[in-house]
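One letter stands for each residue in the lines below.
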Amino acid sequence: MSADPVLVIDAGSSSIRCHMVGESGRVTASTSRPWTYLSDPNDSPLAREFDVRACWISICDAIRECAKGQGSIAAVAITSQRQSLVFLDSDSNALYAGPNTDLRAVFQGAALDLVHGNLLYQTTGHRPAFMMAAGKLAWLRDQRPDSYKRVSRVLALADWLAFMLTGEMGCEPTLGAGAGLLDFRRRAWATSMFDQLGLRLSPVPMRDAVEPAGTLSESAAGLPLGAPVVVAGADTQCSLVGTGILDPGCAGIVAGWSATVQLLVSQPTLADDMSVWSGCFQIPGLWTVESSAGDAGNAYRWLAHTLFDRDESAFRRMDSLAKSVPIGSDGAMAMLGPSIMDMGMRMGGIVFPVPMTLGGPTRAHLVRASLEGLAYALRANLEQAERVAGITARRVSLGGGMTRTKTFVQIMADVIGRPIEVSDSPESTAIGAANVARAAIGEIPSLTDAANATRTVAPDPHAAADYEDLYRAWLETQQSLGDIQI
């Protein structure tokens, strides 16, 4: 294996991040830049659209800083958020580029779900339509008809970044399936479905993650021309790779800006009630059954800003505070966003025993309750994925930025009552992407030969027993809140 590092570009939900990942699988340098969005006073408050030019400058700037003084690199690996799409015209200019948080297609998506919901789910393994390519194309057709007529290609965000670096267009299956572009069973373009929906779709070549996308033809931020570029796949699947989840019957929990559970299976699997997503994995012949908890790090960051007013030491202090409160947070329960997979709006908050004269909750109670609430939600989603797949996961891993909070890691093991394998680095997505790149360029024989540094965290038997009743109580309370109409 080359001693040269892999440069990973991670176009995530919260920011653009670049990492240098060494041959040992360790992150040796990192940089980040915020996304830049277009601002139009006439736009809907649901609108989120990338300023393509500004974002590209930020990406190049992040690459330049991360690669400073590095010299040669083994490859560039690219991963990105799912449901983030770029629509190009025939001259490859971006007509639209939006993140997974652009919600303007809500009405078009609802109309598609009403008439074609079963077709969309059976074909793509995903719903609701407003998050996917079909809904966003329908929105463009209705709101920007002139731009819609000019759409020539639809690319996932990481595939577009690869095109900008190499001049080569392609579609990586985990990203294409995650964006609702593919017939996920066949790992092929869903052209028949889009024809039935009356929407424009011009396929580009399919390219597995373990195949190089091309070589650097654009000297972005001074990177060496000719270096191989690999689209490593969707960020969630890359995190599974980074924690060594590579076999059917194994599950990975990715707790970052959002939190999701993915269970690997050896055949395409859907839920009769459309309660889970199903997608592709980097290894052909494997699929994912996914149940998402929604907000995780995003909700925890909100709590940090609310309690500590953006104090730089907030997360360290919160970890310490959570340890000082007993299991169950003295009756406080948090529903700050994480839930059993549900893409709709619902009521949430923090509940606790009253009257306050008996002693109200402290900041420590609120922090621990939020961590417990996330763990309860992830257990519920793990159990849902297992029910749909008809198996119990024989191995569970945990990765993502929330693993920086050590108290959460132990709470997670205690709540699910099983040992979990935790990545030594919170950057499990970057590590997984680098592993995919090394397999693509032949430095390792296959993904299963990649080194993944993890540790096993075992549940405390007494805590696990206590959490059984607390988990059931949390489920009942969340259900009660869900019955409240917004």
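Keep in mind that this is a model prediction, so the values were computed, not measured. (Residues numbered from 1 in each chain as written. Predicted model: local features only at pLDDT ≥ 70, side-chain atom pairs only at ≥ 80, totals over all residues. Heavy atoms only, no water.)

Colleague: Let's hear about the packing of helix H9 (residues 297-308) against helix H11 (residues 363-389): which residues, and what values?
Modeller: Close contact between H9 and H11 brings their axes to 11 Å; oriented N to C, the two are set at 175°. Judged on the interaxial angle alone, H11 and H9 are roughly antiparallel. On H11, the residues touching Tyr 300, Leu 303, Leu 307 and Phe 308 of H9 are Arg 363, Leu 366, Val 367, Ser 370 and Leu 371. Partitioned by chemical class, the residues of the contact of H9 with H11 number 7 nonpolar, 1 polar and 1 charged. (Axes fitted to C-alpha atoms, helices over the stretch in contact; angles between N-to-C directions. Helix = DSSP H or I, 4+ residues; strand = E, 2+ residues; numbered from the N terminus. Parallel < 35°, antiparallel > 145°, perpendicular 65-115°, else oblique. Contact = heavy atoms within 4.5 Å. Nonpolar A, V, L, I, M, F, W, Y, C, P; charged D, E, K, R; others polar.)

Colleague: Could you give an account of the packing of aromatic side chains, with specific residues and numbers?
Modeller: Evaluation of the coordinates by the stated rule reveals 9 aromatic pairs. Taking 6.3 Å as the distance between ring centres and 70° as the angle between the ring planes, the aromatic pair formed by Trp 56 and Trp 160 counts as edge-to-face. Taken together, the positions of Trp 56 in helix H1 (residues 52-67) and Trp 160 in helix H5 (residues 157-166) put the pair 104 residues apart, joining distant regions of the chain. A centroid spacing of 6.0 Å and a plane angle of 55° characterise the contact between Tyr 96 and Trp 139, whose relative ring orientation is tilted. Remark: Trp 139 occurs in helix H3 (residues 133-143) and Tyr 96 occurs in strand E6 (residues 94-98); sequence separation between them is 43 residues. Take Tyr 96 and Trp 139: they sit in the same class, and that class is buried. Ring-pair connections join several aromatic residues into one group, and the members of that group are Tyr 376, Tyr 467, Tyr 471 and Trp 474. Directly above the aromatic system of Tyr 37 lies the positively charged group of Arg 48, at a separation of 4.0 Å from the ring centroid. (Phe/Tyr/Trp six-rings, centres within 6.5 Å; stacked < 30°, edge-to-face > 60°. Buried < 20%, exposed > 50% of the residue type's maximum accessible area, 1.4 Å probe, protein only. Lys NZ or Arg CZ within 6 Å of the ring centre and 35° of its normal.)

Colleague: Could you give me a rundown of unusual backbone geometry, with the residues and numbers involved?
Modeller: As a rule of thumb, non-glycine residues mostly have phi less than zero, and peptide bonds are mostly trans rather than cis. Residue Arg 127 is joined to Pro 128 through a cis peptide bond whose omega torsion reads 0°. Position of Pro 128 relative to the elements: it lies in the loop between helix H2 (106-124) and H3. Backbone torsion omega between Val 354 and Pro 355 reads 15°, so that peptide bond is classified as cis. Here Pro 355 is to be found in the loop between strand E17 (349-351) and H11. Positive phi outside glycine occurs at Ser 92, with the angle close to 70°. Backbone geometry places Arg 310, a non-glycine residue, at a positive phi of 65°. The residue Arg 310 is located in the loop between H9 and helix H10 (314-323) in this model. When its relative accessible area of 62% is taken as the criterion, Arg 310 is described as exposed.

Colleague: I'd love a proper account of the sheet that holds strand E5 (residues 85-88), names of residues and values included.
Modeller: Taking strand neighbours across the sheet as the criterion, the 3 strands line up as E6-E5-E7 in an open arrangement whose pairing is antiparallel. Bordering the open sheet on either side are E6 and strand E7 (153-156), each of which pairs with just one other strand. Averaged over all neighbouring strand pairs, the angle between strand axes comes to 15°, with direction disregarded. The pairing of E5 with E6 spans 4 bridges and is classified as antiparallel. Considered in E6, the bridge of Phe 87 is made with Tyr 96. Packed onto the sheet, H3 meets E5, E6 and E7 and runs at close to 45° relative to E5. (Pairing = 2+ DSSP bridges.)

Colleague: So what about the pairing of strand E14 (residues 277-280)? Which residues, and what values?
Modeller: Two strands pair when backbone bridges link them, and E14 and strand E15 (residues 287-295) are joined in this way by 4 bridges, in the antiparallel orientation. Note on E15: the bridge partner recorded for Gly 279 is Thr 288. Hairpin connection from E14 to E15: 6 residues lie between these consecutive antiparallel strands, with Gly 285 at a positive phi of about 95°.

Colleague: Give a description of the pattern of salt bridges that names residues and reports values.
Modeller: Once their charged atoms are close, side chains differing in charge can pair, the charge on each being opposite to the other. All told, the structure shown has 23 salt bridges when counted by the stated rule. Across the pair Asp 61 and Arg 33 runs a salt bridge, and its minimum N-O distance is 2.9 Å. Of this pair, Asp 61 sits in helix H1 while Arg 33 sits in strand E3 (residues 27-33), and the two are 28 residues apart along the sequence. The class of Arg 33 is buried, set by a relative accessible area of 17%. Glu 49 is paired through a salt bridge with Arg 144; the nearest N and O atoms lie 2.8 Å apart. Linking Glu 49 in the loop between E3 and H1 with Arg 144 in the loop between H3 and helix H4 (145-149), this pair joins segments that are 95 residues apart in sequence. (Salt bridge = Lys/Arg side-chain N within 4 Å of Asp/Glu carboxyl O.)

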